[in-house]
2 protein chains.
Amino acid sequence: MATRVARTRLRLRKIPRQQRSAHMVETIVEAAARILETRGLAGFNTNAVAERAGVSIGSLYQYFPSKEALIAALSDRERKRLVAGIAETYRQAAAPDLVSALRPLVRAAIRQQLARPALARALDFEEQRLVLNEADRRTTQDIAGVVMALLGRHRRQVAVHDLEEAALDLIAIARALIDGAASRGHVEPAGLESRIMRAVLGYLTGRANVAA
Amino acid sequence: MATRVARTRLRLRKIPRQQRSAHMVETIVEAAARILETRGLAGFNTNAVAERAGVSIGSLYQYFPSKEALIAALSDRERKRLVAGIAETYRQAAAPDLVSALRPLVRAAIRQQLARPALARALDFEEQRLVLNEADRRTTQDIAGVVMALLGRHRRQVAVHDLEEAALDLIAIARALIDGAASRGHVEPAGLESRIMRAVLGYLTGRANVAA
DNA sequence: ACCTGAACACCGTTCAAGT
DNA sequence: ACCTGAACACCGTTCAAGT
């Protein structure tokens, strides 16, 4: 039942050592981003990416062992930006209380996602299909780590026990609402931020009323 | 930027009139469900579905104009079950207050999604890729309609203005948390229900704290 | 009318030949 | 060493031939 994915199918075939080849990898990844944004997933094919990047299809496969590896690399790049933004935001925030600690993170996530919305949405779907590779999983864990640290710091204000589960759930909520807003074309960051904050705070502090 | 999808590419090519052909369509759709569940999206191809259903590939295409139409039909079937379950639950609920009105809906959604979890998750992704066809969109609107009715009835207890936006957001939250739990293999309905309820109630009743 | 499956087109991927 | 692109394999889809 588990979808098996050979690790190597998603990694770079070799690490580019020279500046020229590093640049080539970057060019291919950015070409992939452009194709994904302009033609969507249906129009995304390796030959188109190679052509857009101005390299032969063979050269593309010299670095990327599969189409999925190409998407994984693109996904890595975008997620690294997200993690960097969130970690940096967290470091800078004074964070006197839970609400003001969470809000900047929500904002950072919204900003990142809406910078290139079509790309972000397409990647969110694709990533789940790929049964994320190690690096992607690590990145999600990195973000979850920041959120867990934040929750730990404000532990007295939260009513949840499993901090990891909570962190993953909160990330899922934020992503779902951001993607939904983007897909409806209603992108009004302040309102979106408020809706995410309410759901997140409800999750963290609400009374469960578990009994039926 | 908008992905154009010809309506006809997602609909049945013709409505089966005889019992035999209706049965054939049903057999094909169930074969599609089985293939999707057992081999995943990567292993899902039309030839495999036709073979599993015991019909020729040509016969499959006599009813389904494309692979996407096949997924759309499967998606329709599952969503109709979901809508029926939710509408029925709503009709039966006494609903003295917001919390006890929402809880049965959350339960119905969890039950449906976890009945065939691999299928439900695969469909959630695919549906978004397809830029949902009319029927799918209508189905989502149907569920949103039920949720909006519920919110309208308890309007005094909710702090949101845009009931449609709220309904769509709440559905997105529930789906994200259910899919996440299923993908992690942590499926413990009572806990999941509580987490969804807290997020949903926070969204509906929480103070926004909109000012930065 | 409906069914069949060989055949076509497209795209992911490889590899022999070239530099 | 690295690049090229023709060629192969797989799969979505069609359509001429059969019943």
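All residue numbers here refer to positions counted from 1 along the written sequence of the relevant chain. Written order decides the labels, with chains lettered from A and ligands numbered from 1. Owing to the predicted nature of the model, reporting of local features is limited to residues with pLDDT of at least 70; listing and counting of side-chain atom pairs is limited to 80 or more, with chain, interface and lining totals taken over all residues. Remark: hydrogens and water are excluded; side-chain values derive from all non-hydrogen atoms of the structure.

### Some thoughts on the overall build of chain A
Helix numbering and strand numbering both begin at the N terminus, where a helix is a DSSP run of H or I of at least 4 residues and a strand a DSSP run of E of at least 2. The number of helices and strands found in chain A is nine helices and zero strands. Along chain A, helices and strands appear, N-terminal first, in the series α-α-α-α-α-α-α-α-α. Note on classification: 1.4 Å probe, protein chains only; a residue is buried when its accessible area is under 20% of the maximum for its type, exposed when over 50%, partly exposed between these limits. The buried share among the 212 residues of chain A stands at 50%. Within chain A, counting contacts between residues at least 6 apart in sequence, those at least 24 apart form 71% of the total. Surface accessibility in these figures is a Shrake-Rupley result with a 1.4 Å probe; residues are shielded only by whichever protein chains are displayed. Carbon and sulfur atoms provide 51% of the accessible area of chain A, an area that totals close to 10,600 Å². By definition, residues are in contact when any of their heavy atoms lie within 4.5 Å.

### Quick word on the packing of aromatic side chains
Stacked, tilted and edge-to-face are the three classes assigned to paired rings of Phe, Tyr and Trp, where Trp is represented by its six-membered ring and a pair needs centres within 6.5 Å; plane angles under 30 degrees give stacked, over 60 edge-to-face, the rest tilted. Per the counting criterion, the structure on display carries zero aromatic pairs over all chains. Throughout this description, the term charge over a ring refers to an Arg CZ or Lys NZ atom that lies within 6 Å of the ring centre and within 35 degrees of the ring normal. The ring of Y203 of chain B has R198 of chain A lying over it, and the distance from NZ or CZ to the ring centre is 4.7 Å.

### Structural notes on the protein's contact with DNA strand C
Being near a molecule or strand, for a residue, comes down to having at least one heavy atom within 4 Å of it. The environment of DNA strand C is formed by 17 residues, the closest being T46, Y61 and K67 of chain A together with S59 and Q62 of chain B. The sugar and phosphate moieties of DNA strand C supply 68% of its atoms located within 4 Å of the protein. Under the rule applied, a polar contact is a pair of N or O atoms within 3.5 Å (in protein, one hydrogen donor and one hydrogen acceptor; residues adjacent in sequence only if both atoms are side-chain atoms). T46 of chain A has a polar backbone atom sitting 2.7 Å from a phosphate oxygen of DNA strand C. The contact in question runs from a phosphate oxygen of DNA strand C to an N or O atom on the side chain of Q62 of chain B, over 2.8 Å. Taken together, the elements giving at least two residues each to the surface near DNA strand C come down to α2 (46-53) and α3 (57-63) of chain A together with α3 (57-63) of chain B. It is α3 of chain B that provides the largest number of residues to the surface near DNA strand C, a total of four residues.

### Let's talk about the pattern of salt bridges
In the sections that follow, a salt bridge refers to a side-chain nitrogen of Lys or Arg positioned within 4 Å of a carboxyl oxygen of Asp or Glu. Counted according to the given criterion, the structure contains 16 salt bridges over all chains. Residues E30 of chain B and R77 of chain B are paired through a salt bridge, measuring 2.9 Å at the closest nitrogen-oxygen approach. Placement of the pair is E30 of chain B in helix α1 (residues 19-39) and R77 of chain B in helix α4 (residues 67-92), with a sequence separation of 47 residues. In this structure, a network of salt bridges that share partners links the residues E30, R34, E37, R77, E78, R81 and R116 of chain A.

### As for the packing of α1 of chain B against helix α2 (residues 46-53) of chain B
Residues and elements named next belong to chain B. In this description, a line fitted to the C-alpha atoms serves as the axis of each element, helices being fitted only across the stretch in contact, and the angle between N-to-C directions of two axes falls anywhere from 0 to 180 degrees. For the pair α1 and α2, interaxial distance at closest approach is 8 Å and the crossing angle is 120°. Comparing the axis directions of α1 and α2 gives the class oblique. Considering only the axes of α1 and α2, their crossing is right-handed. Seen from α1, the contacting residues are T27, I28, A31, A32, R34, I35 and R39; seen from α2, they are A48, V49, R52 and A53. As a working rule, the residues Ala, Val, Leu, Ile, Met, Phe, Trp, Tyr, Cys and Pro are called nonpolar, Asp, Glu, Lys and Arg charged, and the rest polar, with Gly in that last group. Of the residues in the contact of α1 with α2, the class split is seven nonpolar, one polar and three charged. Throughout this description, any angle smaller than 35 degrees is read as roughly parallel, any larger than 145 degrees as roughly antiparallel, any in the 65 to 115 degree range as roughly perpendicular, and the remainder as oblique. Handedness of each helix crossing follows the sense of rotation of the near helix against the far helix: counterclockwise by less than a right angle gives left-handed, clockwise gives right-handed.

### Observations regarding the environment of E88 of chain A
Residue and element names in this part refer to chain A. By the element assignment, E88 lies in helix α4 (residues 67-92). Distance from E88 to L105, taken between C-alpha atoms, is 9.6 Å for residues 17 residues apart in sequence. Here the side chain of E88 touches Q92 through a polar contact of 2.6 Å, side chain to side chain.

### Let's talk about the environment of P189 of chain A
Residues and elements named next belong to chain A. Counting through the fold element by element, P189 comes out in helix α9 (residues 189-205). The class for P189 is partly exposed, based on a relative accessible area of 43%. In the structure, P189 is positioned 78 residues away from R111 in sequence and 8.2 Å away in space, judged by C-alpha atoms.

### A short note on the packing of α9 of chain A against helix α9 (residues 189-205) of chain B
Here α9 of chain A crosses α9 of chain B at 135°, and the two axes come no closer than 6 Å. The angle between α9 of chain A and α9 of chain B falls in the class oblique. Of the two elements, α9 of chain A crosses α9 of chain B, and the hand of that crossing is right-handed. Packed against α9 of chain A, whose contacting residues are R195, R198, A199, G202 and Y203 of chain A, the element α9 of chain B presents R195, R198, A199, G202 and Y203 of chain B at the interface. For the contact of α9 of chain A with α9 of chain B, the per-class residue count stands at four nonpolar, two polar and four charged.

### Focus on α1 of chain B
Helices are assigned an expected span. That span is 1.5 Å times one less than the residue count. With 21 residues, α1 of chain B should reach 30 Å at 1.5 Å per residue; the first-to-last C-alpha distance of 30 Å fits that figure. Of all the residues in α1 of chain B, the buried ones are S21, V25, I28, V29, E30, A31, A32, A33, I35, L36 and E37 of chain B.

### What to know about the confidence of the model for chain A
Residue and element names in this part refer to chain A. In this model, chain A carries an average pLDDT of 79, and 82% of its residues clear a pLDDT of 70 or more. Averaged pLDDT values for the elements of chain A fall to 72 in helix α5 (residues 98-115) and rise to 95 in α2. Under a pLDDT of 50 for its full length, residues 1-7 has, in the predicted model, six contacts with residues more than four places off or in other chains. Confidence scores labelled pLDDT are given residue by residue by the predictor and lie between 0 and 100.

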